[in-house]
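Inside the fold
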Amino acid sequence: MGNADFESLHSVAIPPPQPFVKSLKNNLKETFFPDDPLRQFKNQPPARRFILGLQYVFPILEWGRKYSLEFFKADLISGITIASLAIPQGISYAKLANLPPILGLYSSFVPPLVYAVMGSSRDLAVGTVAVGSLLTASMLSEVVNVNENPKLYLHLAFTATLFAGLFEAALGVFRLGFFVDFLSHATIVGFMGGAATVVCLQQLKGILGLSHFTHATDVISVMRSIFSQTHKWRWESAVLGCCFLFYLLLARYISKKRPNLFWISATAPLTSVILGTLMVYLTHAEKHGVQVIGYLTKGINPPSITDLEFGSQYLTTVIKTGIVTGIISLAEGIAVGRSFAMFKNYHIDGNKEMIAFGMMNIVGSCTSSYLTTGPFSRSAVNFNAGCKTAVSNIVMALAVMITLLFLTPLFHHTPLVVLSSIIIAAMLGLIDYEAAIHLWNVDKFDFLVCMSAYLGAVFVDIEIGLILAVGLSVLRVLLFVARPRTKVLGNIPETRIYRSVDQYPKTNSVPGILILEINAPIYFANSSYLRERISRWIDDEEEEIKLSEKTSLHYVILDMSAVGNIDTSGISMLDEVKKNVDRRGLKLALANPCGEVMKKLNNAKFIETIGHEWIFLTVGEAVGACNYMLHTSKPNLSSSEKPEKCSSNV
């Protein structure tokens, strides 16, 4: 290495100190306000800020000013289309939740109106969902028998919906939406698939015409309940159910193959209800074992605020039900909203969506509605029908209102087997086996999380499946933190770039120098592991040198580019690593520590301990300096001696 290769290099800077209050403010802002929602209020007069505040809370005030007749035509068609799906699905899902069928219609009237005013998604179609309905039934049935005390069960369902809304709104107001992120994609795929399987199995009650059925949700209990009543199976009901199920699946297949024929699948449930009702009415099939819905109350939602049960002995169960169903509905609704927003290239605010979901469930609980969110099937129909704004939800709500006021007597002869067929057809679309195969091919641990959620929901209990999946997801996060990856780096030939020797087998090791990369922040949870792992890397390198004729080890360089932060335990770990390296007669160097790390190392006096001259901007500079020391036969400098700064040509 000649003198021409030497050049002066910049030293790693220590950020200027900031006042504690300012630093705390910045950290809180990054944690809770990463999207900076208040930036639109900057440098605005008070009157304008008031208007912007109203538009932030009620987005309809912003986009409503630009609304046009062309938009209304598109929203009118979309709203009528999703109403044709919402009416039969609402009745079906209410039955799934062990609630009066009319509540499914109530829940498709008031909550969509609230969301249209407060929601930020243009494509989300609001309504009840099968998984939320099943969870409500499963958790409340543990403490109240719906057959023995239907009134109390109904009141608990309203109260659980209120707590779900309060929980969702609180997450949005306090900017805590990141908690929902612990429901990973793998968790949702497995849980939704497991819940859908359980729902399908439970609908065999309606398909087979059984009047008594287990409230348990595991597959063993369901199958035992089915096969212990073989003498009560009704072939008339089974034939009718299979015919309608075939029709619904065929309609979906046609719409999937020909997207422009989406309306065939969208109107298939309502068509099934109409055909089934006419068939039962004309043939008097209810006298031959085909069960029907029966009488439905006419009129719009009655108030239910006086029905809320706050002093109940079941309050703990109600709160738990509200929180669990609230989390699931948030995860589904926000995921669906973001998916369709991506297709149309606009942004939705997750925290605003949480507030909107929370408010529509709070209002819904006071107007005889139960848990609602943005179901994928209904939103997909809304999207394919060409909706432009949330006005499609208003149109749907008005269509449901007309049904409540004038058309409910027409559903008297609707067979329950048709509702079961509608639910099964909808649920089969949630069993995403292709996503599970993709998880297996990409990440085996994600596949394990997915299957844990699925098998837990199917064979044990829906809640257990969810807990297992979330627990494994959190465990993985902890493992990422507690067991960060460390890599040995080598030089890519004819470059100044240093990369992992595992990823790039053709890299060259640098004689006398061990370069290690730490790929995570250093905290108390991983500091002991990193200390032991670095020591083991040094041991392995020295053993390899003994078995070969390589240059003996003199320097250890820690690439800290990926270390975004460090705590006091991490600093103590670095101090112990330096002492260990010194005892071996080696020198420790750091490469590219970030500003936050440098600030803490400086405050802890570690920079004085290691020497600022042993902290480099890049790995290349660190290697260049160490190589220079090796070539000038001065490898064992004391910390007070300074290495010459040189280029990284090696």
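The name given to the protein chain in an unreviewed UniProt entry is Sulfate transporter 3.1, with Forsythia ovata as the source organism. UniProt, in the comment section headed Subcellular location (unreviewed entry), describes the protein chain in these words: "Membrane".

The geometry of helix α12 (residues 235-257) relative to helix α13 (residues 262-283) is characterised by a closest axis approach of 7 Å and an angle of 160 degrees between their N-to-C directions. The orientation of α12 relative to α13 falls into the category roughly antiparallel. The two elements α12 and α13 meet at a crossing, and its hand is right-handed. For the pair α12 and α13, the contacting residues are Leu240, Phe244, Tyr247, Leu248, Ala251, Arg252, Ile254 and Ser255 in the first and Phe262, Ile264, Ser265, Ala268, Pro269, Thr271, Ser272, Leu275, Gly276 and Met279 in the second. Considering only residue class, the contact of α12 with α13 consists of twelve nonpolar, five polar and one charged.

Their axes nearest at 10 Å, the elements helix α14 (residues 315-344) and helix α15 (residues 350-365) cross at an angle of 130 degrees. Looking at the two axes, α14 sits oblique to α15. In the packing of α14 onto α15, the handedness of the crossing is right-handed. Facing α14, whose interface residues are Leu330, Gly333, Ile334 and Arg338, α15 presents Gly350, Glu353, Met354 and Phe357.

Of the pockets and cavities examined, the largest pocket occupies roughly 1,600 Å³. Taken together, 46 residues line the largest pocket, and the ones lying closest to its centre are Phe376, Ser377, Ala380, Gly429 and Leu430. For the lining of the largest pocket, the element with the most residues is α14, which contributes eight residues. Split into classes, the residues belonging to the lining of the largest pocket amount to 33 nonpolar, eight polar and five charged.

The buried count for strand β5 (residues 587-591) comes to five of five residues, which makes it a mostly enclosed element. Here β5 shows two buried faces, one formed by Lys587, Ala589 and Ala591 and the other by Leu588 and Leu590. Relative to β5, strand β4 (residues 555-559) runs parallel, the two sharing five bridges. When the sheet's bridge partners are listed, Tyr555 is paired in β5 with Lys587. For the handedness criterion, the β-α-β arrangement of β4, helix α23 (residues 568-583) and β5 is classed as right-handed. The pairing of β5 with strand β6 (residues 615-616) spans two bridges and is classified as parallel. Residue pairing across strands places Ala591 opposite Phe616, the latter belonging to β6.

Criteria and cut-off values
- Sequence positions are assigned chain by chain, starting from 1 and proceeding in written order.
- Residues qualify for local features only when their pLDDT is at least 70, as the model is predicted, and side-chain atom pairs are given and counted only at 80 or more; totals for whole chains, interfaces and linings, by contrast, use all residues.
- Only hydrogens and water are set aside; all other atoms, that is, all heavy atoms of the structure, feed into the side-chain values.
- UniProt positions are given in the numbering used here, feature names are shortened, and annotations may be inferred rather than shown by experiment.
- Lines fitted to the C-alpha atoms define the axes, with helices restricted to the stretch that makes contact. Angles between their N-to-C directions range from 0 to 180 degrees.
- Strands here mean DSSP runs of E at least two residues long; helices mean DSSP runs of H or I at least four residues long; both are numbered from the N terminus.
- Each angle receives one of four descriptions, namely roughly parallel if under 35 degrees, roughly antiparallel if over 145, roughly perpendicular if within 65 to 115, and oblique otherwise.
- By convention, the crossing between two helices is left-handed when the near helix turns anticlockwise from the far helix through less than a right angle, and right-handed when the turn is clockwise.
- The contact criterion used throughout is that any non-hydrogen atoms of two residues lie within 4.5 Å.
- Note on residue categories: nonpolar means Ala, Val, Leu, Ile, Met, Phe, Trp, Tyr, Cys or Pro, charged means Asp, Glu, Lys or Arg, and polar means any other residue, Gly included.
- Put plainly, a pocket is an open set of points on a 1 Å grid over the protein atoms alone with protein on both sides within 12 Å along at least five of seven lines, a cavity is a set where a 1.4 Å probe fits but cannot get out, and a lining residue has an atom within 4 Å of a point.
- Grid points are joined across faces, edges and corners, and a volume is the space filled by probe spheres set on the points.
- Between buried and exposed lies partly exposed: a residue is buried under 20% and exposed over 50% of the maximum accessible area for its type, with that area taken using a 1.4 Å probe on protein chains only.
- DSSP bridges decide pairing: two strands pair if at least two such bridges lie between them.
- Orient the strands so they point away from the viewer, and a crossover whose first-strand-to-second-strand path over the helix runs clockwise is right-handed.

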